[in-house]
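As a plain string of letters, each chain reads:
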Amino acid sequence: MTSTKDLVALFELQKKAFAANPYPSLKQREDRLDCIIQALSSNRKRIHAALREDFSAHPSEQADFIEIFGVISRFQYVKSMMTQWAAKQPRELDPAMYGESSAFVIAQPKGVIGNIVPWNFPFDIGIGPLAEMLAGGNSVIIKPSDMTPACSDLMKTMLKDAIDESIVAVAPGDIELAKFFPTLPWDHLMYTGNPSVARSVATAAAQNLTPITLELGGKCPALYTEDAVTPQLVASVLRTKLLKSGQVCVAPDYALVPRASVEKFVQYAQEFMVSELPDYINDLQITGIINDRHVERINSLISDLETTGTRIVAFGDIAESNGRRLPLRLVIDPPKHSRVMREEIFGPILPILPYDSLEEAVHYIANNERPLGVYVYSDSEAVKSQILEKTQSGGATFNACAFQAALPNIGFGGSGQSGYGRHHGIEGFREFTNPRGVVDFDSEALALVIAPPYGSVADSVLSSMT
């Protein structure tokens, strides 16, 4: 565990190293990215084991696709684009006023960045943003979650072996360290988690005027039109919901389905689970819930509904569960005031909300908190345009879920309650660099007339302007 004293020492180490090399060459940055890529690829089996230890059950394929090779692909993409992103960006000047002057913007490294990481994707969110952070020439200290101790310990070991702590360091710690972390005068701070904690993080960071990126959650809707309630597209939303047992900030949190198609939706869901995952609760495809407290929280969402008469369709018997495994459950038309419709679920529960008109469904999305993603299942371009024009969200995906968060070349982030700022792609590179505007001024330029003393030349320029 890292003490507050240890963290301050790491912070000062990185500040001193950055001051000695405040603009690392592109070659140095590329070497740093390569170190991380090598660390991920050489620790593949250890990452599998750490995830299984922390979650009690975790598919190796899921770890490969998201936590390992997904992150490596992100680094490789950033490597391929880094020279272009870091290039001087010229700006036009009026030669009549500025003569031979030139203007440009350079992407200046910000300095020492802190990254506060959640428990659900320890490596994807802990190491993934390093792609843009290191490409921008920065140093980074990662604060992993204390709820994933095996992953945190492994991350610290593998990164310490791969790269000097003056460039990348990992600081595992308890709740006290988590509270102390945002109080340091970071050059940028990133937090991924829930809005309640985000307010505390933002308040602490504001004392040092630290710029901050907040990646939060929200209730991401999946809207189906009548023609889209098909076996394939119903399976699509279920497969995304089953990913990490729903413990994903961009998971679909509820589905809006035409009232006449609700029973068809449920039927297709049952057919998919029986055909593809008949013993899901005991299958190696399942991810365990992170701890007993979250098991109790998720089950309480269901027990609160049982007094309302809400229909619940469960795929698997909860009594069979072991190792914090929970079945997928559909809840059909729950009350709007119920906890399952007010709180982010973050678990294997999918409410199905019937609607009678598209306008009603769009109005419901638009008049709730802005989520990280909106998902629309429809082939109608008019419906897609209506969603983009009349709702607000961090991102959107049509005819699938969550892919706006998966691509390395699309900036990922929230809006309003779901956060602000972006990482991934060029938007992430810009997030973690300072767009430093520079003017190389021609001392003979006419623009000198804007400052006193004024005279006939200034009068002539003003006359031409008016």
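Calculation notes
Residues numbered from 1 in each chain as written. Predicted model: local features only at pLDDT ≥ 70, side-chain atom pairs only at ≥ 80, totals over all residues. Heavy atoms only, no water. Helix = DSSP H or I, 4+ residues; strand = E, 2+ residues; numbered from the N terminus. Expected span 1.5 Å × (residues − 1). Buried < 20%, exposed > 50% of the residue type's maximum accessible area, 1.4 Å probe, protein only. Contact = heavy atoms within 4.5 Å. Polar contact = N/O pair within 3.5 Å; in protein donor to acceptor, adjacent residues only side chain to side chain. Pairing = 2+ DSSP bridges. Axes fitted to C-alpha atoms, helices over the stretch in contact; angles between N-to-C directions. Phe/Tyr/Trp six-rings, centres within 6.5 Å; stacked < 30°, edge-to-face > 60°.

A. Quick peek at helix 10 (residues 195-206). Helix length check: helix 10, at 12 residues, gives a terminal C-alpha distance of 16 Å against a target of 16 Å (1.5 Å per residue), a fit within 8%. Among the residues of helix 10, Pro195, Ala198, Val201, Ala204 and Ala205 are the ones counted as buried. Each element contacted by the buried residues of helix 10 is listed here: strand 3 (112-116), strand 6 (188-192) and strand 7 (212-215). Capping the start of helix 10, Asn194 holds a side-chain oxygen 3.1 Å from the backbone nitrogen of Ser196, two or three residues further along.

B. Quick peek at the sheet that holds strand 2 (residues 102-109). Taken in spatial order, the three strands make up an open sheet running 1-2-16, and their pairing is antiparallel. A single partner strand is all that each edge strand has here, and the edge strands are strand 1 (89-91) and strand 16 (433-440). Recorded for the sheet is a direction-independent mean angle of 30° between the axes of neighbouring strands. In the sheet, strand 1 pairs with strand 2 via three bridges, with the strands oriented antiparallel. Among the inter-strand pairings, Pro90 is bridged to a residue of strand 2, identified as Phe104.

C. The arrangement of the packing of aromatic side chains in detail. Using the criterion set out here, one finds 10 aromatic pairs in the structure. Considering the side-chain rings of Tyr98 and Phe441, the 6.4 Å spacing of their centres and the 90° angle between planes classify their relative orientation as edge-to-face. Pair noted here: Tyr98 is in helix 5 (residues 95-98) and Phe441 is in the loop between strand 16 and helix 18 (456-465), with a separation of 343 residues, a long-range link. Taken together, the ring pairs connect Phe11, Phe181 and Trp186 into an aromatic cluster.

D. Spotlight on unusual backbone geometry. For the peptide bond that leads from Pro452 to Pro453, omega is 0°, which places it in the cis range. Tracing the backbone through its elements, the reader meets Pro453 in the loop between strand 16 and helix 18. The phi dihedral of Lys244 is positive, around 55°, even though this residue is not glycine. With respect to the element layout, Lys244 can be found in the loop between helix 11 (231-242) and strand 9 (252-258). Among the residues examined, Lys244 registers a relative accessible area of 1% and is labelled buried. For Ser245, which is not glycine, the phi dihedral falls at a positive 55°. Within the element layout of this structure, Ser245 appears in the loop between helix 11 and strand 9.

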